[in-house]
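# Reading the structure
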Amino acid sequence: IVMTAIGIVISVIASNQVDPEYTPADLSARMLHPGSIVNTVFFIVLVSICLHGCPRVVRRQTNTDMTFVGEVIAGAITAAMYTLLLKLVLEIIIYGCTYGSNSLRSEAWFITTCFILIAIVAIVKVRIVSSSLKHYHVVLYTPIYQALSILLTAIFGITYLDEFEA
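Let me begin by describing the structure that accompanies this report.

About the thresholds
- Residues numbered from 1 in each chain as written.
- Predicted model: local features only at pLDDT ≥ 70, side-chain atom pairs only at ≥ 80, totals over all residues.
- Heavy atoms only, no water.
- Phe/Tyr/Trp six-rings, centres within 6.5 Å; stacked < 30°, edge-to-face > 60°.
- Helix = DSSP H or I, 4+ residues; strand = E, 2+ residues; numbered from the N terminus.
- Buried < 20%, exposed > 50% of the residue type's maximum accessible area, 1.4 Å probe, protein only.
- Contact = heavy atoms within 4.5 Å.
- Polar contact = N/O pair within 3.5 Å; in protein donor to acceptor, adjacent residues only side chain to side chain.
- Core = buried A, V, L, I, M, F, W, Y, C linked by side-chain atoms within 4.5 Å.

### Focus on the packing of aromatic side chains
Taken as a whole and assessed by the stated rule, the structure comprises eight aromatic pairs. Judged by centre distance (4.7 Å) and plane angle (50 degrees), the rings of Tyr-95 and Tyr-99 are tilted. Of this pair, Tyr-95 and Tyr-99 both sit in helix α5 (residues 65-99), separated by four residues, roughly a single helical turn. With a relative accessible area of 14%, Tyr-95 lands in the buried category.

### Section: the environment of Ser-149
With respect to the helices and strands, the residue Ser-149 is situated in helix α7 (residues 138-161). Of the residues examined, Ser-149 reaches a relative accessible area of 7% and is grouped as buried. Apart from the residues within four sequence positions on either side, Ser-149 is in contact with Ala-76, Ala-79 and Ala-80. Reaching out from Ser-149, the side chain makes a polar contact with the backbone oxygen of Gln-146 at a distance of 3.0 Å.

### A look at the nonpolar core
Of all hydrophobic cores here, the largest spans 30 residues; its most connected members are Leu-27, Leu-88, Ile-92, Phe-110, Phe-156, Tyr-160 and Leu-161. For this core, the elements supplying multiple residues, two or more each, are α2 (24-31), α3 (34-52), α5, α6 (108-135) and α7. If one sorts the elements of this core by residue count, α5 sits on top with twelve residues. Residues in contact with Leu-27, not counting those within four places in the same chain, are Tyr-22, Leu-88, Glu-91, Ile-92, Phe-110 and Leu-161. Grouped together as the second largest cluster of nonpolar side chains are seven residues, Phe-68, Val-72, Tyr-136 and Tyr-141 included.

Structure representation (structure tokens):
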């Protein structure tokens, strides 16, 4: 969590962005849109299925190709959720630095929720990846995990924030 805070501060300084793309009200409306809620629930259920979908395999304490694929998918989805939350928090910080803290009061509940969720998702992501790396070789797991998390991050940016406007 400390590294996340440091990363956010470095991103804000390095971005040199004066005018934020999104207001907290806009972010709140986008994230609380019914389509966004359905997507979020779908991905949370998918992570749960990927991690706990093969009870026979878990009971025997053996690893198969399907448990490997499930853990890679679960790790990549949580990494993409984490990146999306980082984007939201960064936009909120930039907006607050640009327009002052008084402009953030109307969306205080959303901002608080984002900061709490980023901590939760960070812990879940680290636990999934570290437990996966205990069972699978880093050279096998990491490239697939990184590629899939980058792909899902782009998909999340498109679906949640409409960042691919033609």
